[in-house]
Amino acid sequence: LESVEARELVARYCRFDYAGARLTPADWPKLQPLVAWTANPEFPLMMVTSRFDLDQDAVLEHGKYSITVHYRLVGRYDMTEGYSSDGANTVENVHFVVAEVNGDWRITEVEPSYPHPSRASALQWLNKNLSEAPDPASKLTYQHAVQDLQLQKVSPTAQ
C-alpha cells in the first residue's frame, strides 16, 4: 500500500503543478502538504508541458520510494531569456523521491525541480505578468512569449 500511496502523492503534485500551482504564490498551500520543504523554491525556468505520465511502479530503496515522471514538452520559459520552443515534443524525465517525514509520506526530492505547467497555465501566468510588467523590455519579453506559445503547433500525439 505504501508504494500506491507514494505514487498517488506524486500524481497529486504533478496535477497541481500542471495546473500552475507552482507559478502562483496563492496556490502554494495546495502543494505544501505534499512536500517536505516549507516554501515554493525559486525557479530560473519552467518547462511548458502537454502531458505527463508516471512510471507504473515506485522503486523502494533504503526506505524511500523513487518515482519517475515523463513530461511531454511544448517549450521552456527562461526567466532571463523568455520563451523558446526548443525541445518541443521531446520527453523530459523528472525523478521524485518520497519518504516518511514525521509519520507522513512526503515528496523529499524533485530533480529537476522547476515547474511543469500546462500550456494554458503558462499562458495565464504570462498574460498576468504582461499586464503587470513594470518596464517596456519586460512587457516585450512576455508579449513575445505569449505570441510564440499561442502560435506554436502542438503535435497530436502530445495532446
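Residues numbered from 1 in each chain as written. Predicted model: local features only at pLDDT ≥ 70, side-chain atom pairs only at ≥ 80, totals over all residues. Heavy atoms only, no water.

**Q** Is there a simple way to think about the overall build of the chain in this case?
**A** Tallying secondary structure elements over the chain gives four helices and six strands in all. Ordered by position from the N terminus, the helices and strands of the chain form the series α-α-β-β-β-β-β-β-α-α. Scaling as 2.2 N^0.38, a compact globule of 159 residues should have a C-alpha radius of gyration of about 15 Å, and the chain matches this with 16 Å. Expressed as lengths along the three principal axes of its C-alpha atoms, the size of the chain is roughly 50 × 35 × 20 Å. Counting only carbon and sulfur atoms, one obtains 51% of the accessible surface of the chain, whose full area is about 8700 Å². (Helix = DSSP H or I, 4+ residues; strand = E, 2+ residues; numbered from the N terminus. Rg over C-alpha atoms; globule rule 2.2 N^0.38 Å. Areas by Shrake-Rupley, 256 points an atom, 1.4 Å probe, with all protein chains shown as cover.)

**Q** What is the right way to look at the pairing of strand β3 (residues 64-78) in this model?
**A** A regular strand carries its side chains on alternate faces of the sheet. Note: strand β1 (residues 45-54) against β3, nine bridges, orientation antiparallel. Within the sheet, the bridge partner assigned to Asp53 lies in β3 and is His70. Here three bridges tie strand β2 (residues 59-61) to β3, and the two strands are oriented antiparallel to one another. Paired with Val59 across the two strands is Ser66, which belongs to β3. Between β2 and the antiparallel strand that follows it, β3, lie two residues; His62 among them carries a positive phi value of about 55°. Two strands pair when backbone bridges link them, and β3 and strand β5 (residues 91-101) are joined in this way by eight bridges, in the antiparallel orientation. (Pairing = 2+ DSSP bridges.)

**Q** What is the right way to look at the nonpolar core in this model?
**A** Soluble globular proteins: nonpolar side chains tend toward being buried together. Within the largest apolar cluster, 45 residues are counted, with the highest numbers of intra-cluster contacts made by Val10, Phe96, Val98 and Ile107. Of all the elements in the fold, those that place two or more residues in this core are α1 (2-18), α2 (28-31), β1, β3, β5, β6 (104-111), α3 (119-132) and α4 (136-151). Considering every element that reaches this core, the biggest residue donor is β3, with seven residues. Sequence-distant contacts of Phe96, defined by excluding residues within four places in its chain, comprise Val10, Tyr13, Cys14, Tyr65, Ser66, Ile67, Val69, Tyr71, Ile107, Glu109 and Val110. (Core = buried A, V, L, I, M, F, W, Y, C linked by side-chain atoms within 4.5 Å. Buried < 20%, exposed > 50% of the residue type's maximum accessible area, 1.4 Å probe, protein only. Contact = heavy atoms within 4.5 Å.)

**Q** Is there a simple way to explain the layout of surface pockets in this structure?
**A** Picture a little ball the size of a water molecule; that probe, rolled over the atoms, points out where space is still empty. The calculated volume of the largest pocket comes to roughly 150 Å³. As for the largest pocket, its lining consists of Ala19, Gly20, Leu23, Thr24, Asp27, Ser121, Gln124, Trp125 and Lys128. In terms of residue class, the lining of the largest pocket is made up of three nonpolar, four polar and two charged. (1 Å grid on protein atoms, 1.4 Å probe; cavity = no way out; pocket = protein on both sides within 12 Å on 5 of 7 lines; lining within 4 Å. Points joined across faces, edges and corners; volume = space filled by probe spheres on them. Nonpolar A, V, L, I, M, F, W, Y, C, P; charged D, E, K, R; others polar.)

**Q** How should the packing of aromatic side chains be read in this particular structure?
**A** The geometry of an aromatic ring pair is captured by the separation of the ring centres together with the interplanar angle, meaning the angle of the planes. In the structure shown here, the tally under the stated rule is seven aromatic pairs. Each ring, one from Tyr65 and one from Trp105, has its centre 5.5 Å from the other, and the planes form 65°; the classification is edge-to-face. Of this pair, Tyr65 sits in strand β3 while Trp105 is found in strand β6, placing the two residues 40 residues apart along the sequence. With respect to burial, Tyr65 and Trp105 carry one shared label: buried. Taken together, a centroid distance of 6.1 Å and an interplanar angle of 80° make the contact between Trp125 and Tyr142 edge-to-face. Of this pair, Trp125 sits in helix α3 while Tyr142 sits in helix α4, and the two are 17 residues apart along the sequence. (Phe/Tyr/Trp six-rings, centres within 6.5 Å; stacked < 30°, edge-to-face > 60°.)

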